[in-house]
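Given next are the chains, with one letter for each unit.
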Amino acid sequence: MKLTEALRILQQAPKTASLFRVALACGFTPLHMQTFLAAHLQQRLADRLVTISTGLYGDVPVTLTSLANVDGVALPLEWADLDPRLGYRGAGDWGPAALPDILAGAMAMLDRIAAALERIPPAIPIAVCRPTLPLPPIFHTAGWQAAEAELELERKLAEFASRIGRRCSLVNATRLGEDSPPAGRLDLRSDLLTGLPYTLPHAAAVGRALAHLLAPPAPKKGLITDLDDTLWHGLVGEVGAENVSWDLASHSQLHGLYQKLLASLAGEGVLVGVASKNDAPVVERTFEREDLLLPRDRIFPLEAHWSAKSGSVERILRTWNIAADSVVFVDDSAMELAEVAAAHPGIECLLFPKSDYAAGYALLRRLRDLFGKPRLSEEDAIRLESIRQGSGFQAVEGEASAETFLEQAEAAITFDFSPASDPRALELVNKTNQFNLNGIRYTEAEWKSRLELPGALRMVAGYRDKFGPLGKIAVLEGRHEGETLFIDAWVMSCRAFSRRIEHQCLQTLFERYAAKEIRFAFQPTPKNGPLRDFFTALAGQPPDAPFALERTQFEERLPRLYHRVIDASTSSNP
Amino acid sequence: MNPIAPRLTACFQTVFPDLPAAEIPAASQATVAAWDSVAAITLVNVIEEEFGFEMDLDQLADLDSFSRILDYVSREAPAA
């Protein structure tokens, strides 16, 4: 991004949108660093107005301890922040006599900064970039030899990073090095004349890296892969199950690496399905091979037949109950990719490069970026199993009458009304599209502050039945005032549809608060049709704006509920 | 007309979006309230990006109007 482009992005920001306030805690003159950070954040948060506040020049700890009303903190740390003698603008000595004092001062400053970061309220995300500029030539060694004092500084910095890594998100220094090679980072002219030590490209790269951490893209949820010449090398229908390969000896290790990555993603809660033009028995025989690095039980569903792949993808998406734009499709055939892309707008289609190792490496990294998430949750670990069980649920439901099936499902819902610090609640609110009251996303700080409103209520629902647990799958948030409830946020995971959990949520709210009506801050979005359908069934007509539902009206149309309801304050979650 | 002028005008519009285009040729630090030290550095960097050369920051104090900057860029920019 060029400076001109950054300035234009900021000029076109929606001036009346809700604010996204970021504190830029840098010890140098923020200047274009501020512009680039704001522009990169603005690109990611198109419906917000990004504002950046800056702190005291040359005093990072003081800036960090005087934050107020911010939605995020960005800290691009540099060596000069640890001791001015590690930069170029100070007049302090560089000689060997000064080194012990410089080291001691730098280490003390790292401790002060770490302590200041740890005092920032947990709801506020913090993005930190460790020093990116080369140390000045203050050591006795030649430039090609690492000095003992330099290594000591780096050791202390690594300790610092490890300590704050529990609280902050850290820029990946290696990736930053690809975007901004070290030799092109320091602008001594700018440093000495304006106080900004970065070249414009480096300021843009650091701003982009910090923005990525403060406003990360939503990770994709599912990956659909082809088999022949993608998951393995060779056409299994021609060479047989025993002759497809994915190993070094067969010069097909790229496929093995792809399998390993998919297995890793599956372990992190990413759904992995297969769409292959093949005979199903041949494919199943191949999956019986014990040397496969992606076990068969990590794949669901597996579509192997000779029909169009767009149809396979259609069925897989329906089983997963997620939208195409949350899914990546990988195939070695550009034609198959085009066919799927045409039928499923929004799906990310990636070509598997059969013999181009550089492109293969780029694919592995691209997949990691698309599916990367800052932390793993309990729900990530059980997602595949719950989808599989949900599929079993639907299959059995199709055989028995729905009523009989729900009655025999042995369902239990746990309602937790005190989930103040549960990160899963906000994660659900910010990533759920289909059953979502209005599509509004919240920052951690906004989400936390809503609990401080008078009469605030927040309810998280967890579900399990005889097919297994779904984990925490629904969140309602709002406030109560007399006999009226105001619901501002309501989301439910698509995995939890068809179980009348949404009915039980409202029933529980009406009862717990002895409410006569619930006012929903409903707004239609391009994707929240399932929730609109639910409201239509209750209210008799589709809503197109906020509306109120009376308890008598709700109870008249309430189907029979079979759940065992558990209060989390008196029991453990299902 | 100096061929540099339209490109320089675009630079001014980027840095001073509230300044009407008609007023840019007569713009100076004295007449544009938003032309502070930060804007001056930003303007220099935007001009450097646009024209692909490094300006002499020691002359920043003298580059205090559109016309002076136009003269400077016409003189110093490569292939200007």
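It should be noted that the structure appears before, not after, this text.
Heads up: these notes are all about the structure in this document. (Residues numbered from 1 in each chain as written. Chains lettered and ligands numbered in written order. Predicted model: local features only at pLDDT ≥ 70, side-chain atom pairs only at ≥ 80, totals over all residues. Heavy atoms only, no water.)

### Focus on the environment of G90 of chain A
Residue and element names in this part refer to chain A.
Working step 1: With respect to the secondary-structure elements, G90 resides in the loop between α4 (79–82) and α5 (99–118).
Working step 2: Judged by its relative accessible area of 44%, G90 falls in the partly exposed class.
Working step 3: Sequence spacing of G90 and I566 is 476 residues, and the spatial spacing of their C-alpha atoms is 64 Å. (Helix = DSSP H or I, 4+ residues; strand = E, 2+ residues; numbered from the N terminus. Buried < 20%, exposed > 50% of the residue type's maximum accessible area, 1.4 Å probe, protein only.)

### Describing the sheet that holds strand β3 (residues 72–76) of chain A
Residues and elements named next belong to chain A.
Working step 1: As summarised here, the arrangement of the five strands in space is β2-β1-β3-β4-β5, forming an open sheet in which the pairing is parallel. Looking at strand neighbours, the two that pair on one side only are β2 (48–54) and β5 (169–170), the edges of this open sheet.
Working step 2: Across two bridges, strand β4 (residues 126–129) lies against β5 in parallel orientation. Residue A127 lies in a different strand from β5, and its bridge partner there is S169.
Working step 3: On the sheet, helix α9 (residues 200–214) packs against β1 (18–24), β3, β4 and β5 and is oriented at approximately 150° with respect to β4. (Pairing = 2+ DSSP bridges. Contact = heavy atoms within 4.5 Å. Axes fitted to C-alpha atoms, helices over the stretch in contact; angles between N-to-C directions.)

### Section: unusual backbone geometry
Residues and elements named next belong to chain A.
Working step 1: That bond from F300 to P301 is cis: its omega, 0°, falls within 30 degrees of zero.
Working step 2: Among the secondary structure elements, P301 is positioned in the loop between α12 (280–286) and β8 (302–305).
Working step 3: Phi angles above zero are rare outside glycine, and L31 is one such case at about 35°.
Working step 4: Turning to its location among the elements, L31 is positioned in helix α2 (residues 31–44).
Working step 5: Judged by its relative accessible area of 11%, L31 falls in the buried class.
Working step 6: A positive phi is found at N69, a non-glycine position, where the angle reads about 50°.
Working step 7: Looking at the element boundaries, N69 is found in the loop between α3 (60–65) and β3.
Working step 8: Residue class for N69 comes out exposed when judged on its relative accessible area of 61%.

### A word on the interface of chain B and chain A
Working step 1: Contacts between chain B and chain A engage 15 residues on the former and twelve residues on the latter.
Working step 2: Inspection of the chain B/chain A interface yields one salt bridge.
Working step 3: Note that E48 of chain B and R189 of chain A form a salt bridge whose closest N and O atoms lie 3.0 Å from each other.
Working step 4: Applying the counting rule to chain B against chain A returns seven residue pairs in polar contact (both at pLDDT 80 or more).
Working step 5: For the side of chain B that touches chain A, the secondary-structure elements that each account for two or more residues are α1 (4–15) and α2 (37–51) of chain B.
Working step 6: Counting residues per element, the side of chain B that touches chain A draws most heavily on α2 of chain B, at seven residues. (Salt bridge = Lys/Arg side-chain N within 4 Å of Asp/Glu carboxyl O. Polar contact = N/O pair within 3.5 Å; in protein donor to acceptor, adjacent residues only side chain to side chain.)

### Some remarks on the packing of aromatic side chains
Residues and elements named next belong to chain A.
Working step 1: Across all of its chains, the model carries 23 aromatic pairs over all chains by this definition.
Working step 2: Ring centres of F520 and F535 lie 4.7 Å apart, and the angle between their planes is 50°; on these two criteria the pair is classed as tilted. Pair noted here: F520 is in strand β16 (residues 517–520) and F535 is in helix α21 (residues 529–539), with a separation of 15 residues, a long-range link. Exposure class is identical for F520 and F535. Each is buried.
Working step 3: Grouped by ring-pair contacts, the aromatic residues F435, W490, F520, F522, F534, F535 and F547 constitute a single cluster.
Working step 4: The aromatic ring of F486 is capped on one face by R479, whose charged end is 4.2 Å from the ring centroid. (Phe/Tyr/Trp six-rings, centres within 6.5 Å; stacked < 30°, edge-to-face > 60°. Lys NZ or Arg CZ within 6 Å of the ring centre and 35° of its normal.)

### So, the pairing of strand β14 (residues 468–481) of chain A
Residue and element names in this part refer to chain A.
Working step 1: Note that strand β13 (residues 456–465) and β14 share ten bridges and pair antiparallel. Counted as the bridge partner of A461 is A474 from β14.
Working step 2: Both β14 and strand β15 (residues 484–492) contribute to a ladder of eight bridges, which runs antiparallel. In the sheet register, E477 faces β15, and the bridge partner there is A489.
Working step 3: From the end of β14 to the start of β15, which pair antiparallel, there are two residues, and G482 there has a positive phi angle of about 65°.

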